[in-house]
Amino acid sequence: MDISGEVPGLGARLRERRLRSRLTLEAAAARVGLSPAHLSRLETSKRQPSLPVLLGLSRAYGVPVEVLLGEASEVSPLVRAPVLRAGEGEPTVAGGWTYRPAGVPGRAMQALRVHIPVRVQDAVIRVHPGEEWLYVLEGRLLLTLDREQHLLAPGDSAHFDSMRPHRLVAEEPGVELLFVHTLLQMPTAELCIH
């Protein structure tokens, strides 16, 4: 179902919000389950989004729907409540991994609870600006930093410069971890969640 009538300025706000989130058209579209071409048509106001798409974009960009619709101004992340209650924040699935927010969006330091299934993205090596800290809650994680391998068990943690080539692989039966990273507000930071 499309939003009835045109919402003035919606396309421009969608594009501006995506750019502020440091997401490429492809990365933002993937987060919401759209094709890049469809998202481009939304951003150029050639199409109006359905309500589910608008809600998905709201979650992907970390702003209320009212902000995208131009009906409210965004509240600064520093003014938002510092507490995220259990059950708040929708999980996101990307590349088979499940990400749940564990902190307020829009900050330089992002906190997530991550589930890594076995044998998903085993070959993906990440390199991006920033730092990462992780703490294993359940399962066993094989962390490769450069060519060093570290097997982490529940209670183990790691903190490293994410410019070091790194890979996270879940051992049986999968891994739950707390994950904190800094993005340094660069487009390549998207690599840390895909």
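Report on the accompanying structure. In this text the structure is predicted, and so the values were computed from the model without any measurement.

About the criteria used
Residues numbered from 1 in each chain as written. Predicted model: local features only at pLDDT ≥ 70, side-chain atom pairs only at ≥ 80, totals over all residues. Heavy atoms only, no water. Axes fitted to C-alpha atoms, helices over the stretch in contact; angles between N-to-C directions. Helix = DSSP H or I, 4+ residues; strand = E, 2+ residues; numbered from the N terminus. Parallel < 35°, antiparallel > 145°, perpendicular 65-115°, else oblique. Contact = heavy atoms within 4.5 Å. Nonpolar A, V, L, I, M, F, W, Y, C, P; charged D, E, K, R; others polar. Pairing = 2+ DSSP bridges. Salt bridge = Lys/Arg side-chain N within 4 Å of Asp/Glu carboxyl O. Buried < 20%, exposed > 50% of the residue type's maximum accessible area, 1.4 Å probe, protein only.

Here we look at the packing of helix H1 (residues 10-20) against helix H3 (residues 36-43)
Step number 1: Where H1 meets H3, the axes come as close as 7 Å, and the angle between the chain directions of the two elements is 125°. Comparing their axes, H3 and H1 come out oblique. Contacts between H1 and H3 pair Gly-11, Ala-12, Leu-14, Arg-15 and Arg-18 from the former with Leu-39, Leu-42 and Glu-43 from the latter.
Step number 2: A class-by-class count of the residues in the contact of H1 with H3 yields four nonpolar, one polar and three charged.

Topic: the sheet that holds strand S2 (residues 97-101)
Step number 1: Strand order in this open sheet of six strands is S1-S2-S3-S9-S4-S7, and the pairing throughout is antiparallel. The open sheet is flanked by strand S1 (92-94) and strand S7 (157-161), the only strands paired with a single partner. The mean inter-strand angle of the sheet, taken between neighbouring strand axes irrespective of direction, is 25°.
Step number 2: In this sheet, strand S9 (residues 175-182) lies alongside strand S4 (residues 131-138) in antiparallel orientation, the contact comprising six bridges. The residue of S9 that forms the bridge with Leu-134 is Phe-179.

Things to note about the pattern of salt bridges
Step number 1: All chains considered together, the criterion is met by five salt bridges.
Step number 2: Linking Arg-20 and Glu-16 is a salt bridge whose minimum nitrogen-to-oxygen distance equals 3.3 Å. Residue Arg-20 and its partner Glu-16 are both found in helix H1; the two are separated by four residues, about one turn of the helix.
Step number 3: You can call Arg-20 partly exposed: its relative accessible area is 46%.
Step number 4: On the accessibility criterion, Glu-16 (40% relative accessible area) is partly exposed.
Step number 5: In this structure, Arg-164 and Asp-146 form a salt bridge, with 2.8 Å as the shortest nitrogen-oxygen distance. With Arg-164 in the loop between S7 and strand S8 (166-170) and Asp-146 in the loop between strand S5 (141-145) and strand S6 (148-152), this pair connects stretches of sequence that are 18 residues apart.

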